Amino acid sequence: DGWTLPGPDNYSLQYADGVQTYITESNRLDIKNGCILRLTKAPGRCAEDLYKGIQSSDSDVRCDSLKQLACVSTDVTFAQEFISRNGHSLLVKIVEDAHEAPLIMAHTLTGFMELMDHGIVSWENLSAVFIKKIASFVNATVLDASIQQVSLAILESMVLSSSSLFQQVKQEVTLERLLSQLQVHFIHSKYCSVLNLCLMVCCDPQNIIHSSASVGDEMAHYLYVLQSVTLNHLEPRMRMPLDSYNQEQREILHGLRQAAFETESENSLSHERRRSLCAKEFKKLGFSVSLLHEILLTTTSFSPPHWASFVLENSSREDKHECPFARSSIQLTLILCEILSIGEPPSETGSDYHPIFFAQDQLLDELFCICIQLLNKTWKEMRATQEDFDKVMQVVREQITRTLSSKPTSLELFKNKVNALNYSEILKLRQTERLHLEETLAPPVLELKERLRPELLELIRQQRLNRLCQGTLFRKISSRRRQDKLWHCRLSPNHKVLHFGDVEEDTETPTIESLQEKIPVADIKALLTGKDCPHMKEHKGKQTKEVLALAFSVTYDVEEYSLNFIASSRTDFCLWTDGLSVLLGRDMSSECMRSELETLLSMEIKLRLLDLENVPIPDSAPPVPKPPSNFNFCYDFSQAEQ
C-alpha cells in the first residue's frame, strides 16, 4: 500500500542478513527485534521467472537465472514452489544433455543439489542416465573443478540415501578414481610426489609404517585426507539400523546372549518361561527397548572369550555398579566414529592421522574390542554407578584420544598404552596440565583480578548500604507460635543511625520520621547469626532449620540489649548481614557477595580483554605476490600409468 504496488500476492518479505529465508505464516513468529527484512518477489513469482529464464534461448539469461537459482534454492519455501513446477526435472534434463558451458553446468548442479537437500524429491527417482552423467563428470581427467566438486557432493548424497544407489555409484566410480581427485587440492607441482606415495599406500598399506618416520607435515596432511576418504566407506555400515524383522540380525542379538549365558536346558522350558528368562538376561546385558532398536552391529565383533568374561565380571558386582553393556557399546561406537572422523568429509586443513589404521585390515572391529574392555576396566576403577555413565565415557574418550595422539603403529602397542593409562593416571595428567595452564596463562589474569577486586568490593559495599537505607520489612514470631506484627528497619542516609518500629500489614514503606525507635551505629557491638541469636536461644528446640538460617541480631549498649531480625528470604539475610558487617568495619562473607563478586570480576575481565582484539587494519592493500615460475599445477596420471 505504501508504494502502491499492484498484486500484493506477487511480493513477500525476506531476511536481508544471513540466510535469506522467506517470511511465511509458519516462521513469522520467529522474527526477532532488530531483524532487517526486505520486500522482494514472492517465492511463486520468483520460481516462475527463474523457470522461464532457464529455458531462455539467450545463454547469458540462462546463466544468470541458474546462478540466482543456486542461491535462492536454499530456502525450502522457494524449493517447494520451483519443484511444484517440475523445475528439478528441467535441471536433470540439462545435465543429461550436457550441452551447456562449464559455468552454466556448475550453476545447474549447485541449484539441483540445493533443491534435493530439502528432501522434497527422493534421490531414488533419478534415472540411470543422470547418475552416469554425474559419474562422468567425476571421472573426467580435465574438467572444471567446481563441477567435479558439486558432482562428488551429489554422488555422496546418493550413496547415503539408499543401498541400491550406492551399488550404481560404485559401478561407475572406483576408489582409485576418487583418490586421483585429490590432486585438485594441490596448487604446486611439488605435491605430486606426495600424491604418488598416497596411491602407493592403497597398494601396500604397510608402506605407511616404514615411510611415516621419514616424511614431514606435508605427508601427514595427505595421509590424513587419504585416511578420511577410506574411513568414509565405513559409514553405510555404521548407519545400518536394527530391523526387528531381519532374521540375521535377530540371530546376532541372540548369539550375544547365548555367548554370555549357559542355555543348554533352555529347550525344556515353556514358551513363557523362556521368554521371561531371555528378557532378564538381555536386561542383565544392559539392553532396553529403545537400545535394542539402536544397537550397532559393531558389537558382534567382540570375541566370545572376552564377551563371556565381560559379562561374568559384570554380573558379580552389585546392581548399582553394573556397567550397561548395550548402552556403553553404542556410546563407545559413536566416540570411535567421532575420533576417527567416520562419516565426515575430508578436511583440507587436517594434519592428524593414525598410522595404526594402515596396519590393520579390520581396525574398527579390533579397536572396539580393546576399547570396550578398557571401558569395563575404567568403570571398575572409578567404582561408577549408572549416574556416573557420562563421566566414565569422558574418561574413556580421553584415554583413547591421548593414546592415539602418540601414533601407535600396531594394535598391540595401542592396547598396552591405553591400558597403562588408567583412571589415576588420567587424574594426574589433568592436574599437571591444570597447574601448567595456571603457570603459563593464569598469572596475568590473576593479577588483573587482584587489581579489580578492591574496586568491585567497594561497589558491592555501596550497594549493600543503599539497600539498608531503603529499608526492609521483618516479621516477629511470638511465644504463642503465631505471626505477630510486621516491623520496619532502615539505615539513615548518613549511615549513622538504624531506625525501626512496628508497622501495620499492607503499609507502604514508612518514612524515617514515622519510625520511633533508633540505635546509633556507633553503639552496635556485635552481629550474631543463627542459633547464636538471643531470640533463637529463648526458643531453643522450637525453631526450624529454615528459621535459624534466616535469623540474625545486633547487640548494643555493652551487649545488654539486642535487635533481633528474621529475614523473609535468604537474599534479604545476605544483604542485611553484609550491610551490617560493612557498618561494623568487617568483611562481607555471604554467599551472595561471593557470587556477585565472581560475576562482576568475570564481566570486567572480559570487557578489559576485549581491547586485545583491536587489531589495526592497514589503509592500503598488501602487495600482490609474484607469479609462480610456471603454471603446470596438475599432474597427468594417465600418462604415468601408460
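How each quantity is defined
Residues numbered from 1 in each chain as written. Predicted model: local features only at pLDDT ≥ 70, side-chain atom pairs only at ≥ 80, totals over all residues. Heavy atoms only, no water. Helix = DSSP H or I, 4+ residues; strand = E, 2+ residues; numbered from the N terminus. Buried < 20%, exposed > 50% of the residue type's maximum accessible area, 1.4 Å probe, protein only. Contact = heavy atoms within 4.5 Å. Areas by Shrake-Rupley, 256 points an atom, 1.4 Å probe, with all protein chains shown as cover. Expected span 1.5 Å × (residues − 1). Phe/Tyr/Trp six-rings, centres within 6.5 Å; stacked < 30°, edge-to-face > 60°. Core = buried A, V, L, I, M, F, W, Y, C linked by side-chain atoms within 4.5 Å. Pairing = 2+ DSSP bridges. Axes fitted to C-alpha atoms, helices over the stretch in contact; angles between N-to-C directions. Patch = residues over 30% accessible without salt bridge, like charges linked within 9 Å, V, L, I, M, F, W, Y side chains within 5 Å. Salt bridge = Lys/Arg side-chain N within 4 Å of Asp/Glu carboxyl O.

1. Observations regarding the overall build of the protein
Next up, step 1: A count of helical and extended segments in the protein gives 28 helices and nine strands.
Next up, step 2: A buried classification covers 40% of the 642 residues belonging to the protein.
Next up, step 3: By sequence separation, contacts in the protein at least 24 residues apart represent 63% of the contacts at least 6 residues apart.
Next up, step 4: Carbon and sulfur atoms provide 52% of the accessible area of the protein, an area that totals close to 37600 Å².

2. Details of helix H7 (residues 145-161)
Next up, step 1: Taking 1.5 Å as the rise per residue, H7 with 17 residues should run 24 Å; its terminal C-alpha atoms sit 25 Å apart, in good agreement.
Next up, step 2: Where the residues of H7 are buried, they touch helix H5 (102-116), helix H6 (128-139) and helix H8 (163-172).

3. Section: the packing of aromatic side chains
Next up, step 1: One pass over the structure, following the stated rule, counts 15 aromatic pairs.
Next up, step 2: Relative to Phe500, the ring of Trp487 has its centre 6.1 Å away and its plane inclined at 80 degrees; by these criteria the two rings are edge-to-face. Linking Trp487 in strand E4 (residues 483-491) with Phe500 in strand E5 (residues 497-503), this pair joins segments that are 13 residues apart in sequence.
Next up, step 3: A relative accessible area of 13% places Phe500 in the buried class.
Next up, step 4: Measuring from ring centre to ring centre gives 5.7 Å for Phe565 and Trp576, while their planes differ by 35 degrees; the resulting arrangement is tilted.

4. Focus: the nonpolar core
Next up, step 1: Membership of the largest hydrophobic core comes to 43 residues, with the highest contact counts inside it found for Phe78, Leu91, Leu109, Phe112, Trp123 and Met158.
Next up, step 2: At the level of secondary structure, the elements contributing two or more residues to this core comprise helix H1 (43-54), helix H2 (59-72), helix H3 (76-84), helix H4 (87-97), H5, H6, H7 and H8.
Next up, step 3: Ignoring any residue separated from it by four or fewer positions in sequence, one finds Phe112 in contact with His88, Leu91, Val92, Trp123, Leu126, Phe130 and Ile154.
Next up, step 4: Counting residues in each nonpolar core, the second largest holds 40 residues, with Leu452, Ile524, Leu597 and Leu601 among its members.

5. A look at the sheet that holds strand E7 (residues 524-529)
In any sheet, the strands associate via hydrogen bonds between backbone groups, in a parallel or an antiparallel arrangement.
Next up, step 1: Within the open sheet, the three strands sit side by side as E7-E8-E9. Their pairing is antiparallel. In the strand order of this sheet, the two ends are held by E7 and strand E9 (561-566), each with one partner. Across the sheet, the mean angle from the axis of one strand to that of its neighbour is 20 degrees, orientation sign disregarded.
Next up, step 2: Where E7 and strand E8 (residues 551-556) come together, five bridges link them in antiparallel fashion. From the neighbouring strand, Ile524 faces E8, where its bridge partner is Tyr556.
Next up, step 3: Contacts between helix H26 (residues 570-583) and the sheet are confined to E7, E8 and E9, with E8 contributing the most and set at about 25 degrees to the helix.

6. Comments concerning a nonpolar patch on the surface
Next up, step 1: Taken together, Trp3, Leu5, Leu13 and Leu39 make up a surface patch of nonpolar side chains, about 430 Å² in accessible area.
Next up, step 2: Positionally, Leu39 belongs in strand E2 (residues 37-41).

7. A closer look at the environment of Phe137
Next up, step 1: Mapped onto the elements of the fold, Phe137 is located in helix H6.
Next up, step 2: A C-alpha to C-alpha distance of 8.8 Å links Phe137 and Leu152, two positions 15 residues apart in sequence.

8. A short note on unusual backbone geometry
Next up, step 1: The residue Asn86 is not glycine, and still its phi comes out positive at about 65 degrees.
Next up, step 2: Within the secondary structure, Asn86 sits in the loop between H3 and H4.
Next up, step 3: Even without being glycine, Lys407 reaches a positive phi, approximately 55 degrees.
Next up, step 4: Take Lys407: it is sitting in the loop between helix H20 (389-405) and helix H21 (411-420).
Next up, step 5: Lys407 gets classed as partly exposed once you look at its relative accessible area, which sits at 32%.

9. A closer look at the pattern of salt bridges
It is possible for side chains of opposite charge to pair when their charged atoms get near one another.
Next up, step 1: Counting across every chain of the model gives 19 salt bridges.
Next up, step 2: Between Asp49 and Lys41 there is a salt bridge; the shortest N-O distance is 3.0 Å.
Next up, step 3: For Asp49, a relative accessible area of 32% translates into the label partly exposed.
Next up, step 4: Between Asp578 and Arg464 there is a salt bridge whose closest N-O contact spans 3.1 Å. With Asp578 in helix H26 and Arg464 in helix H23 (residues 442-470), the pair connects residues that are 114 residues apart, well separated along the chain. Residues Asp578 and Arg464 agree in their burial class; the two are buried.

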